[in-house]
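Geometric and topological summary
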Amino acid sequence: MSDRSSKVSDEAVSRPPASEAPPFLLTAVLAIGGVGIAFEIALVRIFSIAQWHHFAYMIISMALLGFAASGTALGLLRNRIIGREATLFRTGALMLPLSLVGCYELSQSIPFETLQLATQPRQVLHLFSLYAVLSVPFFLTSWCIALGFLLRPATVGRVYYANLLGSGLGAALVVAALFILPAHGMPYLLAAVASGVFLLAGRRLPEAEIVAETESPLSRLTAVRSPLIRETPGQIAGYSVRSQGALPEQIGMFFDGGSISPIHRFEGSVERFAFLDHVTSALPYRLVASPEVLVVGAGGGTEVLSALYHGAAAVTAVELDAGVAELVASLAPFAGGLYGRPDVELVTAEGRGFLASRKDETYDVIQISLLDAFTASSAGVYALSESYLYTTEAISLYLDRLTGEGVLSITRWLKTPPRDAIKLFATVVEACRLAGLEPAAHVAFIRSWNTATIVVSRATLDDPRVELVREFAESRGFDRVYHPGLDPAEVNRYTVLEGPVYYQSALRILSAGSESFFADYPFHVRPATDDRPYFFRFFRWRSLPTLVGSAGRDWVYYVEWGYLVLVATVAQAALASLLLVLLPLWLLLRRRPGAPSRGAVSCYFALLGLAYMFLEIAFIQKMMLFLSHPLYAVGVVLAAFLFFSGLGSLWADRHRRRQLRRVGTVVALLAVLSALYLVVLPSLFNAWAGWTASAKVVASLATLAPMAFLMGIPFPTGLQTVADRADVLVPWAWGVNGAASVVGATLATTVAVHAGFRVVVITALLCYGAALLPLRGLVTE
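In this report, the structure presented in the accompanying data block is examined. (Residues numbered from 1 in each chain as written. Predicted model: local features only at pLDDT ≥ 70, side-chain atom pairs only at ≥ 80, totals over all residues. Heavy atoms only, no water.)

The next thing to look at is the pairing of strand E11 (residues 451-457). For E11, the buried fraction is high: seven of the seven residues fall into the buried class. Neither face of E11 is open: one carries Thr451, Thr453, Val455 and Ser457, the other Ala452, Ile454 and Val456, and all of them are buried. As paired strands, strand E9 (residues 402-413) and E11 are joined by seven bridges and run antiparallel to one another. Following the sheet pairing, Leu408 is matched in E11 by Val456. Pairing of strand E10 (residues 443-447) with E11, which is carried by five bridges, proceeds in the antiparallel orientation. Counted as the bridge partner of Phe445 is Ile454 from E11. Following E10, the chain reverses through three residues before pairing antiparallel with E11. (Buried < 20%, exposed > 50% of the residue type's maximum accessible area, 1.4 Å probe, protein only. Helix = DSSP H or I, 4+ residues; strand = E, 2+ residues; numbered from the N terminus. Pairing = 2+ DSSP bridges.)

Right, here's the structure in full:
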């Protein structure tokens, strides 16, 4: 044994001994880890109702802030808690269920509004309050786990394994539980408190009546009847209510209290739906007669009814949420059994995944129309929403599933200043080129005052078909933006803008100078790709001074709120980590003789925290394409990473004498695996597209297992080394790692938005590689 080892051992003997670990410690750590991660995933689901689903990264950051703060607290109180670890462990375990309910309830009273973040400074305080309140349960979770390390200092890896195993099981079980229980009931279940289920307030309308409700892990559906509900798929132009009849009565189907899809009174006759021939999304039915139609995002059935009105021979309606069919069926006397008709097939699936799995089926019309709420889309709250429906790869797939004369039709809400429809056009143009089509001869683009429809025909848009487009637009008062042979004098005639910006943009996108257009345009309108699937991200920092100068105080209405919240969250997470974790530890925690330097410990564990979170966030986002929904991706990836990282931690504990020298090998293997995943995953996703949901989950877990196993080795290896030499630095290492993870959760999303998933993965590997440099200092100093 070396002299340094003898000194550390002597120092350990001179201190008061830690209290005896409870016999149930590993089981308790396993259960606490499971409860913590289950609460985290439940909050992701709850926030998707209140603040849209892309706030998942913020919940992860909140959780990690609580973990980091607990490391700080234990580090500062280390001398005072010696001999009382078991008592404090039990106290934390007792307080945890109370905090789950109490903090959740308190968070519901904080009036945080995303859309007011830039206009009301107090919203920053509300956001910070949410962080502080919801971090408490995670603080207590981490408090207990870190105390577990102190109670079992000789077997840190086993405690860490129990934590990760429990967390992995918790991640899997909470998703399963959400099929049975509503999300807002999960905090009470997890806390084992028999209190009433907390109901989220829905949207209120005069004379409103909730006529049906259902809930699944994907969404909470509420059917509301009110005379004020009048939802249409955009501007209805050229339709006379007096001569053609009033619009049918509607029941509004609300998704998570946000987006609305109308359910129309349907009595068997489609004639009452003539108004659906007076919206831009009716254009494809001018180009194809008696089509077989695929409707992506069927919802309450508006586009299904439109297809039937236009003489569709058959309609396949694809809807991701199984609750939609259940709710519409419960309103059969009103909805008229729309989804039970022999010429309508309702399929519960994600649209892109469905088409990828049906390799031998083709359609005359593929209709994708207005899949998000107008108000939310206009406000830009979807800026961080990964949408694999609107990428170049997705549109190429749609084109491949068309018949020889088939038409793809995509309708989007318009934004001011123009950006959404322009980005869609750019994405369609790039997809046409990938599919071997000359976009200038196959694409038509029309707009009303609030919607734009772009159609892509597999066959060339020759003169007769172009004339059909012209007649439809002229008769309805829609502006033609682009089609083959369009005269510049014919654009910008009905909804008149200051200039023909849509037409001019379309010409530049189609030209050889498209790169200069993308570089010069004030918004980010480059085509979306699977590597950067943020279709709704338009914000550019260099355009902010122009927006402020031209719009004054109104500039806030022209930016993407989700992006601004991300930036605010990164800054806030970094500040909170510095003030609540790093600064107190640095000022108050004293280094002892023979202990590793705080610099080496800080660098090693901070780099590991960043690397782990970057890989975790990257694969959550990538798995959304395969698993079709953020909730499933979060649950599966967290379960895989935590469970198999736990196994890696256990393996490291059993081989700890040799494993420190093998961390470099682990990092090299991670680099090889990550590169392999980047190359192979798209092909695997395509090959597995037709698998059942359960098979996809198993495949995802098996795919991520090797990487997660390796990722579980560096942290406990380093932590065990620190514990052996100077366990006073264990809370410091834990806190630094947690602080880096807090920042990493949001920073990874920022990097993904700007540079893509490949860069996020590469950055993670660079962090792992850089961690090898301070690793030597943990042993030799």
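A few words on the sheet that holds E9. On the basis of which strands lie adjacent, the open sheet formed by eight strands has the order E7-E6-E5-E8-E9-E11-E10-E12 and mixed pairing. The sheet is open, and its two edges are formed by strand E7 (344-348) and strand E12 (479-482), each paired on a single side. With strand direction ignored, the average angle separating the axes of adjacent strands in the sheet is 20 degrees. Sitting on the sheet, helix H17 (residues 420-434) is in contact with E9, E10, E11 and E12, with an inclination near 10 degrees to E11. (Axes fitted to C-alpha atoms, helices over the stretch in contact; angles between N-to-C directions. Contact = heavy atoms within 4.5 Å.)

As a further point, take helix H11 (residues 302-309). In terms of residue burial, H11 counts as a mostly covered element, since seven of its eight residues are buried. Among all positions of H11, only Thr302, Glu303, Val304, Leu305, Ser306, Ala307 and Leu308 are buried. Packing partners of the buried residues in H11 comprise strand E4 (259-264), helix H10 (284-287), strand E5 (292-296), strand E6 (314-319), E7 and strand E8 (363-369). Downstream of H11 by one or two residues, Gly311 has phi in the positive range, about 85 degrees.

Here we come to the nonpolar core. Counting residues in each nonpolar core, the largest one holds 138 residues, and the members touching the most others are Phe89, Leu615, Phe619, Phe641, Met707 and Tyr768. When residues in this core are grouped by element, the largest group, 19 residues, is from helix H23 (residues 598-627). Apart from the residues lying within four places of it in its own chain, the contact partners of Phe641 are Tyr612, Leu615, Glu616, Phe619, Leu704, Met707, Ala708 and Met711. The next biggest cluster of nonpolar side chains, apart from the first, holds 53 residues, and it includes Ala394, Ala431, Ala506 and Ala528. (Core = buried A, V, L, I, M, F, W, Y, C linked by side-chain atoms within 4.5 Å.)

For the pair helix H24 (residues 630-654) and helix H27 (residues 693-711), interaxial distance at closest approach is 7 Å and the crossing angle is 40 degrees. Here H24 lies oblique to H27, going by the angle between them. Relative to H27, the crossing made by H24 is right-handed. Contacts from Val636, Val637, Ala640, Phe641, Phe644, Ser645, Leu647, Gly648 and Trp651 in H24 reach Val697, Ser700, Leu701, Leu704, Ala705, Met707, Ala708, Phe709 and Met711 in H27. (Parallel < 35°, antiparallel > 145°, perpendicular 65-115°, else oblique. Left-handed = near helix turned anticlockwise from the far one by under 90°.)

Before going further, it helps to examine the side chain of Arg412. One can find Arg412 in strand E9. Judged by its relative accessible area of 0%, Arg412 is buried. Within the local environment of Arg412, its side chain forms a polar contact with the side chain of Tyr390, the two groups lying 3.3 Å apart. (Polar contact = N/O pair within 3.5 Å; in protein donor to acceptor, adjacent residues only side chain to side chain.)

This paragraph deals with the packing of H23 against H24. How two helices sit against one another is set out by the angle between their axes and by the gap between those axes. With their axes 8 Å apart at the nearest point, H23 and H24 run at an angle of 135 degrees to one another. The orientation of H23 relative to H24 falls into the category oblique. You can see that H23 and H24 cross each other, and the crossing is right-handed. Only Pro630, Tyr632, Ala633, Val634, Val636, Val637, Leu638, Phe641, Leu642 and Ser645 of H24 make contact with H23, whose side of the interface consists of Tyr612, Leu615, Glu616, Phe619, Ile620, Met623, Met624 and Leu627. Of the residues contributing to the contact of H23 with H24, the split by class is 16 nonpolar, one polar and one charged. (Nonpolar A, V, L, I, M, F, W, Y, C, P; charged D, E, K, R; others polar.)

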